[in-house]
2 protein chains.
Amino acid sequence: MSTTTTTTTTPRNTYGLGYEASQVQHHEWRTAENSTAYLLPHLRRAVEQNPGLRVLDVGAGSGTISASLAAYLPEGELVATDISEAILERARAHAAARGVRNVTFRAADAYALPFADASFDVVHAHQVLCHLSAPVDALREMLRVTRPGGLVAVRESDMRMWCFWPETPALERFHRLAVDVMLANGGQDKGGRQLVSWVLDAGVKRDDVEASFGTWCYSTPEDRRAWGEAMIGRLKEGRMRSKALETGLATEEEIEEMVKAWEEWIRTDSATLGIMNGEVVVKKA
Amino acid sequence: MSTTTTTTTTPRNTYGLGYEASQVQHHEWRTAENSTAYLLPHLRRAVEQNPGLRVLDVGAGSGTISASLAAYLPEGELVATDISEAILERARAHAAARGVRNVTFRAADAYALPFADASFDVVHAHQVLCHLSAPVDALREMLRVTRPGGLVAVRESDMRMWCFWPETPALERFHRLAVDVMLANGGQDKGGRQLVSWVLDAGVKRDDVEASFGTWCYSTPEDRRAWGEAMIGRLKEGRMRSKALETGLATEEEIEEMVKAWEEWIRTDSATLGIMNGEVVVKKA
């Protein structure tokens, strides 16, 4: 492999959901503990063997996972990238506020990472490939910058795998809209279940892949509010709303119904939302 | 509460999938570790406080989870029940073969447990309520035999929350058939997402409920074979096949196509199946 990226004929897009307050708030609920539990045992073992571990977090957004992952590397360092310099400013402020000193942030395209071959021990991405039209190209690039014997760890939603309770027509309509907007932006609606297939397509052998599924559960009053208000925010402003209206995927009236349905769901004590994510840990040969 | 069960007008059924070899083989893949991870931290804490903990496992089937749960109670005891005396013979043999001495097995109806009020510290059921037409009645009965301050822990599949890769029409057809047979047997297809709602209906307060979702991932060659062969077994003999043919839910030709699709899936290195389960741990008031 070389430091130039593989030529591809697949059209490449970028992250399509934007960085509005509602989107960022929703992302900032995420931590290493609630979103990378599948990786932590591997990371602890790697740190035991090499306390000065170098970790890359690709597509880190506002960096709450990056900052909490860095705590597992007291003598190591974490580099976090995102396509947006603006969101990285927020990530830097978050890390500084938490007193995290072993993280640096750098704007970069996931398809063309500005790092030499084999320059990291662990390369991680969370909910990044699902936004890309050419996820296998990004995986090849993640593998390129990983040292032989190092790990690539990826966790991606499977947008079909959401379950609501209570199920109301407006919430089901919202779910279809979220899938449709993801597809209209060039992203993937079934990424979670395809991760093994993608890493094999990127040249990895099956024996070097450990696959699992992980979940998010929004059910306590606090979690219902965090999730529900983020969805209401997306419906009231920002790129999900504008994409839905522009493309005719939903009308203003339908969007208003969805807002009411989320408000009702937040108030409902028996309400639950389950989301399933695919996870792979790949040992680079 | 009293030792007599609550009167109900909901018609009550029983477990509908039978105990054929393919079904039992599939169930015996299950252990405390791969199927009750959500409960284990609670169980460890309870054992620290009371080494002589008494645990009830309702609807234990062939008892592989019961036997592995008992290992967490070196000074405690576990009682396991099932509606079928025949499957309990197999469970006794499994426990004896593993040298597990602190488990006893007793035939019992989940709707009318033959135990006094408040006679267990922890009451557990795994994939039991989803087979019942009156799951809330069974939950009330589990709560009745739990001591105040004790725990009720339940994990139930949500049959809509399966994802396959590769997705083939015959596998999708199989999934619909599995859901349809569950419903035809009087069971529940969306139990996982309804657990919080069910326990609230059984009289529990929201603050006493901890909800989560857990998954099974079948992706390695061994796990693909274990799952796929169990599904092929169900299609070739036993109650799923007879129910499907009797009720016209599938034809012999369609079943043959599904068998071929599972055989192909077992052989496919990128194949994955993800299943999401609902989980609740309830503290009895």
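Residues numbered from 1 in each chain as written. Chains lettered and ligands numbered in written order. Predicted model: local features only at pLDDT ≥ 70, side-chain atom pairs only at ≥ 80, totals over all residues. Heavy atoms only, no water.

1. Considering the sheet that holds strand S1 (residues 54–58) of chain B
Residues and elements named next belong to chain B.
At step 1: Spatially, seven strands are ordered S3-S2-S1-S4-S5-S7-S6 in an open sheet, and the strand pairing comes out mixed. Two strands in the sheet have a free side with no partner beyond their single neighbour: strand S3 (103–107) and strand S6 (209–218). The average angle at which neighbouring strand axes cross in this sheet is 20 degrees, direction not considered.
At step 2: Both S1 and strand S2 (residues 77–82) contribute to a ladder of four bridges, which runs parallel. Residue pairing for S2: Leu56 is matched across the bridge by Val79.
At step 3: Against the sheet, helix H8 (residues 191–201) makes contact with strand S5 (146–165), S6 and strand S7 (272–283), and its axis sits at roughly 155 degrees relative to S5, the strand it touches most. (Pairing = 2+ DSSP bridges. Helix = DSSP H or I, 4+ residues; strand = E, 2+ residues; numbered from the N terminus. Axes fitted to C-alpha atoms, helices over the stretch in contact; angles between N-to-C directions. Contact = heavy atoms within 4.5 Å.)

2. Some remarks on the UniProt feature "domain: Methyltransferase" (unreviewed entry) in chain A
At step 1: The feature "domain: Methyltransferase" (unreviewed entry), as given by UniProt, occupies residues 50–158 of chain A in the numbering adopted here.
At step 2: Note that residues 50–158 of chain A is 28% helix and 33% strand, and that its end C-alpha atoms are spaced 34 Å apart. (UniProt positions renumbered as here; feature names shortened; annotations may be inferred.)

3. Remarks on the sheet that holds strand S7 (residues 272–283) of chain A
At step 1: Read from one edge to the other, the open sheet built from seven strands follows the order S3-S2-S1-S4-S5-S7-S6 (chain A), with strand pairing classed as mixed. Edge positions in the sheet fall to strand S3 (103–107) and strand S6 (209–218) of chain A, since each has one partner strand and no second. Adjacent strand axes in the sheet meet at a mean angle of 20 degrees when their direction is disregarded.
At step 2: Taken together, the ten bridges between S6(A) and S7(A) define a ladder with antiparallel strand orientation. Directly across from Gly214(A), in S7(A), lies its bridge partner Asn277(A).
At step 3: Along the sheet, H8(B) contacts strand S5 (146–165) and S7 of chain A; its crossing angle with S5(A), the most-contacted strand, is approximately 60 degrees.

4. What to know about the interface of chain B and chain A
At step 1: On the side of chain A, 31 residues touch chain B, which itself brings 31 residues to the contact.
At step 2: Contact between chain B and chain A buries roughly 2,500 Å² in total, counting both sides, with carbon and sulfur atoms accounting for 66%.
At step 3: When the area that chain B buries against chain A is broken down by residue, the three leading residues are Arg193(B), Arg206(B) and Phe213(B), summing to 25%.
At step 4: Between Glu167(A) and Lys190(B) there is a salt bridge, with the nearest N and O atoms lying 2.6 Å from each other.
At step 5: Between the two partners, chain B and chain A, sit ten residue pairs in polar contact (both at pLDDT 80 or more).
At step 6: Contributing elements (two or more residues each) for the side of chain B that touches chain A: S5, H8, S6 and S7 of chain B.
At step 7: In terms of residue count, the dominant contributor to the side of chain B that touches chain A is S6(B) (seven residues).
At step 8: Across the side of chain B that touches chain A, the residue classes tally to 14 nonpolar, ten polar and seven charged. (Buried area = accessible area lost by both parts, 1.4 Å probe. Salt bridge = Lys/Arg side-chain N within 4 Å of Asp/Glu carboxyl O. Polar contact = N/O pair within 3.5 Å; in protein donor to acceptor, adjacent residues only side chain to side chain. Nonpolar A, V, L, I, M, F, W, Y, C, P; charged D, E, K, R; others polar.)

5. Digging into the relation of the copies chain B and chain A
At step 1: Each copy superposes on the other: chain B lies on chain A with an RMSD of 0.0 Å after a rotation of 180 degrees and an axial shift of 0.0 Å. Such a turn and shift between the copies fits a two-fold axis. Across chain B, the smallest distance between a C-alpha and the rotation axis is recorded for Met161(B), namely 3.1 Å.
At step 2: Interface overlap between copies is the fraction of interface residues in one copy that are interface residues in the other; for chain B against chain A it reaches 100%, indicating a shared surface. (Least-squares fit on C-alpha atoms with pLDDT ≥ 70 in both.)

6. A few points about the layout of surface pockets
At step 1: Looking at the largest pocket, its volume works out to about 1,000 Å³.
At step 2: Forming the walls of the largest pocket are 45 residues, and the residues nearest its centre are Phe213(A), Gly214(A), Phe213(B), Gly214(B) and Thr215(B).
At step 3: For the lining of the largest pocket, the element with the highest residue contribution is S6(A), accounting for nine residues.
At step 4: Of the residues belonging to the lining of the largest pocket, the class tally is 16 nonpolar, 16 polar and 13 charged. (1 Å grid on protein atoms, 1.4 Å probe; cavity = no way out; pocket = protein on both sides within 12 Å on 5 of 7 lines; lining within 4 Å. Points joined across faces, edges and corners; volume = space filled by probe spheres on them.)

7. Concerning the side chain of Arg224(B)
At step 1: Assignment of secondary structure puts Arg224(B) in helix H9 (residues 221–236).
At step 2: At a separation of 3.3 Å, a polar atom in the side chain of Arg224(B) contacts the side chain of Asp269(B).
At step 3: Aside from chain neighbours lying at most four places away, what touches Arg224(B) is Arg206(A), Tyr218(B), Ser219(B), Glu229(B), Trp265(B), Ile266(B), Arg267(B), Thr268(B), Asp269(B) and Ala271(B).

8. Concerning the pairing of S1(B)
Residue and element names in this part refer to chain B.
At step 1: Most of S1 sits out of view: four of its five residues are buried.
At step 2: The β-α-β motif built from S1, the intervening helix H4 (residues 64–70) and the parallel element S2 has right-handed crossover chirality.
At step 3: Strand direction decides the pairing type here: S1 and strand S4 (residues 120–126), joined by four bridges, are parallel. When the sheet's bridge partners are listed, Val55 is paired in S4 with Val122. (Buried < 20%, exposed > 50% of the residue type's maximum accessible area, 1.4 Å probe, protein only. Right-handed = clockwise from strand over helix to strand, strands pointing away.)

9. Focus on helix H6 (residues 135–144) of chain A
All names here are of chain A.
At step 1: For H6, a buried count of nine out of ten residues is recorded, marking the element as mostly surrounded by other parts of the structure.
At step 2: Every buried residue of H6 is listed here: Pro135, Val136, Asp137, Ala138, Leu139, Glu141, Met142, Leu143 and Arg144.
At step 3: Summarising the contacts, the buried residues of H6 are in contact with strand S1 (54–58), strand S4 (120–126), S5, helix H8 (191–201) and S7.

10. Here we look at the pattern of salt bridges
Two side chains carrying opposite charge are able to pair once their charged atoms lie near each other.
At step 1: One pass over the structure, following the stated rule, counts 36 salt bridges over all chains.
At step 2: Residue Asp137(B) is joined to Arg140(B) by a salt bridge in which the shortest nitrogen-to-oxygen separation is 3.0 Å. Residue Asp137(B) and its partner Arg140(B) are located together in helix H6 (residues 135–144), separated by three residues, close to a single helical turn.
At step 3: The class for Arg140(B) is partly exposed, based on a relative accessible area of 27%.
At step 4: Connected through shared salt-bridge partners, Asp158(A), Lys190(A), Arg193(A) and Glu167(B) make up one network.

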